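What follows is the residue order along each chain.
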Amino acid sequence: MEKNLLPVGVRRDGSYYTRILWTDTTETDPTFWVNNLINDDLAREGGTWGANTESTANVVLDFFGETQEISKIAFYKNVGLNISILEELAKYVRIYVSETDEPLKLRRKENDIESVAWTKIASMDTIMEEGWQEIVLEAPVKAKFVRIELDDNFCKRDETFIPWIETSEVKFFPAGV
């Protein structure tokens, strides 16, 4: 019997609802859960994905098993706790997509994100300030899975270095929104 899929949900702002498939770096403290990437909580003390790492942090999202066309990606940049500093924001963001089911093999934090074939669609140097920052793609891209890679932060690489890479929420939009 063939499954009949209903269309994926769309928020009032026109962005697609997504869900988290996998991440290589997250925290057990609810303030820093990777789930905050998709929960519309933009406030300090709760609305961030904080990755305690000195290198990169990756997350894979999907559109509830469907393939969607993406034209714009919006990031809300936030650093979580009131004691956090803006220098902990992700400095570079890279976006990759896959139209295959290959990302489904990612199940544990030990899995290698590079074992999946990804197509890079965008990269962004972030601005060190809280708020929205957008990437508008040159042409719409089809994606079943989206990989977001955060890289580095704005902290000095000396004895005062803070090993956190943070952002808050991500939204994907179709053409015309």
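Here goes a summary of the coordinates provided. Note that the coordinates shown come from a computational prediction; the quantities given were computed from them, not determined experimentally.

**Some points on empty space enclosed by the protein**
Next up, step 1: Enumeration over the complete set of coordinates arrives at 1 cavity of 30 Å³ or more.
Next up, step 2: Estimated volume of the largest cavity: approximately 30 Å³.
Next up, step 3: Around the largest cavity, the lining residues are Phe75, Lys77, Leu89, Ala90, Val93, Met124, Thr126, Glu166 and Thr167.
Next up, step 4: For the lining of the largest cavity, the elements supplying multiple residues, two or more each, are β4 (68-77), β5 (90-98) and β9 (165-167).

**A word on the sheet that holds strand β6 (residues 119-125)**
Strand pairing in a sheet is mediated by backbone hydrogen bonds. Such pairs are either parallel or antiparallel.
Next up, step 1: The sheet built from 5 strands is open, its strands ordered β1-β3-β8-β5-β6 with antiparallel pairing. Edge positions in the sheet fall to β1 (19-23) and β6, since each has one partner strand and no second. Put simply, the sheet's adjacent strands are angled 25° from each other on average, direction ignored.
Next up, step 2: Bridge count for β5 against β6 is 6 bridges, and the pairing is antiparallel. Looking across to β6, one finds that Val93 is bridged to Met124.

**Things to note about unusual backbone geometry**
Next up, step 1: Although it is not a glycine, Phe64 sits at a positive phi angle of roughly 55°.
Next up, step 2: Within the fold, Phe64 resides in the loop between β3 (56-62) and β4.
Next up, step 3: The partly exposed category is assigned to Phe64, whose relative accessible area is 42%.

**Some remarks on the sheet that holds strand β7 (residues 131-143)**
Next up, step 1: Spatially, β7-β4-β10 is the arrangement adopted by the 3 strands of the open sheet, whose pairing is antiparallel. Sheet topology places β7 and β10 (169-173) at the edges, where each strand pairs with a single neighbour. Strand-to-strand, the axes of this sheet are offset by a mean angle of 20°, without reference to chain direction.
Next up, step 2: By the bridge criterion, 9 bridges tie β4 to β7 in an arrangement that is antiparallel. Across the sheet, the residue bridging to Ile73 is Ile135, located in β7.

**Some remarks on the nonpolar core**
Next up, step 1: Core analysis: the biggest nonpolar cluster contains 29 residues, and Ile73, Phe75, Ile95, Val146, Ile148 and Phe172 have the highest contact counts within it.
Next up, step 2: When contributions to this core are tallied by element, the ones reaching two or more residues are β2 (49-51), β3, β4, β5, β6, β7, β8 (145-153) and β10.
Next up, step 3: Those residues within four positions of Ile95 in sequence are excluded, and the remaining contacts are Ile73, Phe75, Thr119, Lys120, Ile121, Ala122, Ile135, Val146, Arg147 and Ile148.
Next up, step 4: Ranked by size, the runner-up nonpolar core spans 9 residues in total, among them Leu21, Leu106, Trp118 and Phe145.

**Some points on the environment of Arg44**
Next up, step 1: Mapped onto the secondary structure, Arg44 falls in the loop between β1 and β2.
Next up, step 2: For Arg44, a relative accessible area of 26% gives the class partly exposed.
Next up, step 3: When sequence neighbours within four positions are dropped, the list of residues in contact with Arg44 reads Asn78, Val79, Gly80, Leu81, Asn82, Ser84, Leu86 and Glu130.
Next up, step 4: Side-chain polar atoms of Arg44 contact the backbone oxygen of Ser84, separated by 3.3 Å.

**Considerations on the pattern of salt bridges**
Side-chain pairs of opposite charge can arise where the charged atoms are in close proximity.
Next up, step 1: The tally for this structure, following the rule as stated, stands at 15 salt bridges.
Next up, step 2: Taking the shortest distance from any N to any O, the salt bridge between Asp13 and Lys171 comes out at 2.6 Å. Linking Asp13 in the segment before β1 with Lys171 in strand β10, this pair joins segments that are 158 residues apart in sequence.
Next up, step 3: Residue classification places Asp13 among the partly exposed positions, given a relative accessible area of 32%.
Next up, step 4: Lys171 gets classed as buried once you look at its relative accessible area, which sits at 9%.
Next up, step 5: For Lys171, the salt bridge goes to Asp40, with nearest N and O atoms at 3.6 Å. Highlighted residues: Lys171 in strand β10 and Asp40 in the loop between β1 and β2, separated in sequence by 131 residues.
Next up, step 6: A single network of salt bridges, built from pairs that share partners, joins Arg11, Asp13, Asp40, Glu169 and Lys171.

Definitions and limits used
- Residues numbered from 1 in each chain as written.
- Predicted model: local features only at pLDDT ≥ 70, side-chain atom pairs only at ≥ 80, totals over all residues.
- Heavy atoms only, no water.
- 1 Å grid on protein atoms, 1.4 Å probe; cavity = no way out; pocket = protein on both sides within 12 Å on 5 of 7 lines; lining within 4 Å.
- Points joined across faces, edges and corners; volume = space filled by probe spheres on them.
- Helix = DSSP H or I, 4+ residues; strand = E, 2+ residues; numbered from the N terminus.
- Pairing = 2+ DSSP bridges.
- Axes fitted to C-alpha atoms, helices over the stretch in contact; angles between N-to-C directions.
- Buried < 20%, exposed > 50% of the residue type's maximum accessible area, 1.4 Å probe, protein only.
- Core = buried A, V, L, I, M, F, W, Y, C linked by side-chain atoms within 4.5 Å.
- Contact = heavy atoms within 4.5 Å.
- Polar contact = N/O pair within 3.5 Å; in protein donor to acceptor, adjacent residues only side chain to side chain.
- Salt bridge = Lys/Arg side-chain N within 4 Å of Asp/Glu carboxyl O.

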